[in-house]
Amino acid sequence: MRTETAGGGTVPGDGVAAEPLIEVDGVEKVFSVRRRAGRLRRVRREVRAVDGLTFRVPRGEMVGYIGPNGAGKSTTVKMLTGILTPSGGRLRVAGIDPARERTRLARRIGVVFGQRTTLWWDLPLQDSYELVRRMYRVPDAVYRANLDRCVELLDLAPLLAVPVRQLSLGQRMRGDIAAALLHDPEVLYLDEPTIGLDVVSKAKVRQFLREVNAERGTTVLLTTHDLTDIEQLCRRVMVIDHGRLVYDGGLDGLRAAGEGERTLVVDLERELPPLEVPGARTVRVEGPRQWLAFPAGRSAAPLVTAVAERYPLVDLSLREPDIEEVIARLYAGAHGPPAR
Ligand SMILES: Nc1ncnc2c1ncn2[C@@H]1O[C@H](COP(=O)(O)OP(=O)(O)OP(=O)(O)O)[C@@H](O)[C@H]1O
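Residues numbered from 1 in each chain as written. Predicted model: local features only at pLDDT ≥ 70, side-chain atom pairs only at ≥ 80, totals over all residues.

Chemist: Could you give me a rundown of the domain arrangement of the protein, with the residues and numbers involved?
Modeler: The domain boundaries assigned to the protein delineate domain 1 (20-256) and domain 2 (261-320). Once you take the C-alpha centre of each, domain 1 and domain 2 turn out to be 43 Å apart. (Domains from an automatic or database assignment.)

Chemist: Residue-level account of the sheet that holds strand β8 (residues 236-241), with values.
Modeler: The 6 strands are arranged β5-β6-β7-β3-β8-β9 in an open sheet whose pairing can be described as mixed. Each edge of the open sheet carries a strand with a single partner, namely β5 (109-113) and β9 (244-250). Neighbouring strand axes in the sheet, compared pairwise and without regard to direction, differ in orientation by 15° on average. In the sheet, strand β6 (residues 187-191) pairs with strand β7 (residues 219-223) via 5 bridges, with the strands oriented parallel. Note on β7: the bridge partner recorded for leucine 190 is leucine 222. Most of the contacts of helix α5 (residues 169-181) go to β5, to which it runs at about 165°, and overall it touches β5 and β6. (Pairing = 2+ DSSP bridges. Helix = DSSP H or I, 4+ residues; strand = E, 2+ residues; numbered from the N terminus. Axes fitted to C-alpha atoms, helices over the stretch in contact; angles between N-to-C directions. Contact = placed C-beta atoms within 7 Å.)

Chemist: Break down helix α3 (residues 125-135) for me, with residues and values.
Modeler: The set of residues buried in α3 consists of Leu125, Ser128, Tyr129, Val132 and Arg133. Along the long axis of α3, the arc covered by the buried residues comes to 145°, so they all point the same way. On its buried face, α3 is in contact with α4 (140-153) and α5. Arginine 137 sits one or two positions beyond α3 and adopts a positive phi of about 50°. (Buried ≥ 20, exposed ≤ 12 C-beta atoms within 10 Å, placed from the backbone. Arc of directions from axis to C-beta.)

Chemist: A description of the site of the ligand should follow, citing residues and the corresponding values.
Modeler: Around the ligand lies a shell formed by Phe31, Val33, Val47, Ala49, Gly67, Asn69, Gly70, Ala71, Gly72, Lys73, Ser74 and Thr75. When residues of the shell around the ligand are traced back to their parent elements, those giving at least two are β1 (20-36), β2 (42-58) and α1 (73-81). Per-element accounting of the shell around the ligand gives the leading share, 3 residues, to α1. Residue composition of the shell around the ligand, by class: 5 nonpolar, 6 polar and 1 charged. (Near = placed C-beta within 6 Å. Nonpolar A, V, L, I, M, F, W, Y, C, P; charged D, E, K, R; others polar.)

Chemist: Could you give an account of the sheet that holds strand β13 (residues 313-319), with specific residues and numbers?
Modeler: Taken in spatial order, the 4 strands make up an open sheet running β11-β12-β10-β13, and their pairing is antiparallel. Strand pairing shows two members of the sheet lacking a second neighbour, β11 (281-286) and β13, which therefore form its edges. Strand after strand, the sheet turns through a mean of 20° between neighbouring axes, direction not considered. Judged from the 7 bridges that link them, strand β10 (residues 261-268) and strand β12 (residues 289-295) form a sheet pairing that is antiparallel. Each bridged residue has a counterpart across the sheet, and for leucine 264 the counterpart in β12 is leucine 292.

Chemist: Give a detailed account of α4, specifying residues and quantitative values.
Modeler: With 14 residues, α4 should reach 20 Å at 1.5 Å per residue; the first-to-last C-alpha distance of 20 Å fits that figure. All of the buried residues in α4 are Tyr143, Asn146, Leu147 and Cys150. Taken down its axis, α4 places every buried residue within 100° of arc, on the same side. Exposed residues on α4 whose side chains face more than 90 degrees from its buried face are Ala141, Asp148 and Glu152. Considering only its buried residues, α4 is in contact with α3 and α5. Of the residues one or two after α4, aspartate 155 is the one with positive phi, at around 55°. (Expected span 1.5 Å × (residues − 1).)

Chemist: An account of the nonpolar core is needed here, citing residue identities and associated values.
Modeler: Counting residues in hydrophobic clusters, the biggest one holds 68 residues, and the most contacted among them are Ile177, Leu222 and Met238. At 6 residues, the largest contribution of residues to this core is made by α5. Excluding residues that lie within four positions of it along the chain, methionine 238 makes contacts with Phe55, Val63, Gly64, Tyr65, Leu245, Tyr247 and Asp248. In terms of nonpolar packing, the next biggest core, distinct from the first, is built from 9 residues, Leu264, Val277, Leu292 and Leu303 among them. (Core = buried A, V, L, I, M, F, W, Y, C linked by C-beta atoms within 7 Å.)

Chemist: Help me get a handle on the environment of arginine 284, residues and values and all.
Modeler: Counting through the fold element by element, arginine 284 comes out in strand β11. C-beta crowding within 10 Å serves as the criterion here: with 12 such atoms nearby, arginine 284 is assigned to the exposed category. Expressed as a C-alpha distance, the spacing of arginine 284 and valine 265, which sit 19 residues apart in the sequence, is 9.4 Å. If we skip the residues at most four places from it in the chain, arginine 284 touches Gln290 and Trp291.

Have a look at this one:
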């Protein structure tokens, strides 16, 4: 499988590879689970949730972390926050070993779980924020500036006096994202931040995350099943399956790795039998329009030249492979050796 090296150097503005803020070296997590085997017998079984994971995330990068259910994404994030201790390997976040210094790390990271809130259910949103301020001992000026910016960008003003339990899912999610940023974290872990949101709320959350990343250089690790989140926010994506990294690189490379195909759509002067061009297959013919599929990793230029030389070409366009389809293919064939 084709892989690219980690760390596309997506620090806003400068393009120079920055110091790694997240370092994961050969990390493993093995759970021991007891399973029923007959009426009284229980057998012990090991679940290798994370299996020799290695990657680096430079400061300021926004990385997508995707994989099918049970792939090991949450386990990775839990180890990165210090909630879980790795069974093997080495982990550092901002130079800190998360499992050993969880409290010290907590001041440097923010976490948002789309499925559950970290806010106080019965309190108005602003009281939750006040508690966060005290918990992290955020200086007044920093707190004020961060809160004002979040309120403005996430449209929170009308919601500040509303108890969290009365907020809609989208409102609550915006409230949670703001709470995770009030103490100026260097790293933000987002687990499904747009799950269940309508199109408008999704767009608002994505726009906000883009601005936070650009303005503050916050490093973001984004776990999601919504590939549009990845396409709109991340230049780099890591794909995990069965606890192993099966891809680490740019979105374009992902299309190639998933053996996706691009399609050249050609309009000819007249109807013709299916075109025969080396390196491509004609997959559809509709009157004078024909669709030619070719491997996503290849350049379209030689194909265009070949068509133009041999056939009466009027117009053409290029279609990228559908990212959902590419990823489904990648998951299906991802049980080989891990990408390093
Ligand atoms: N506390 C635990 N005890 C035993 N097994 C666990 C535990 N937590 C996770 N696992 C197992 O580890 C594997 C990875 O789970 P994990 O929750 O990390 O996956 P995920 O990629 O986050 O999945 P999803 O997309 O469904 O949230 C699964 O097989 C899961 O059953």
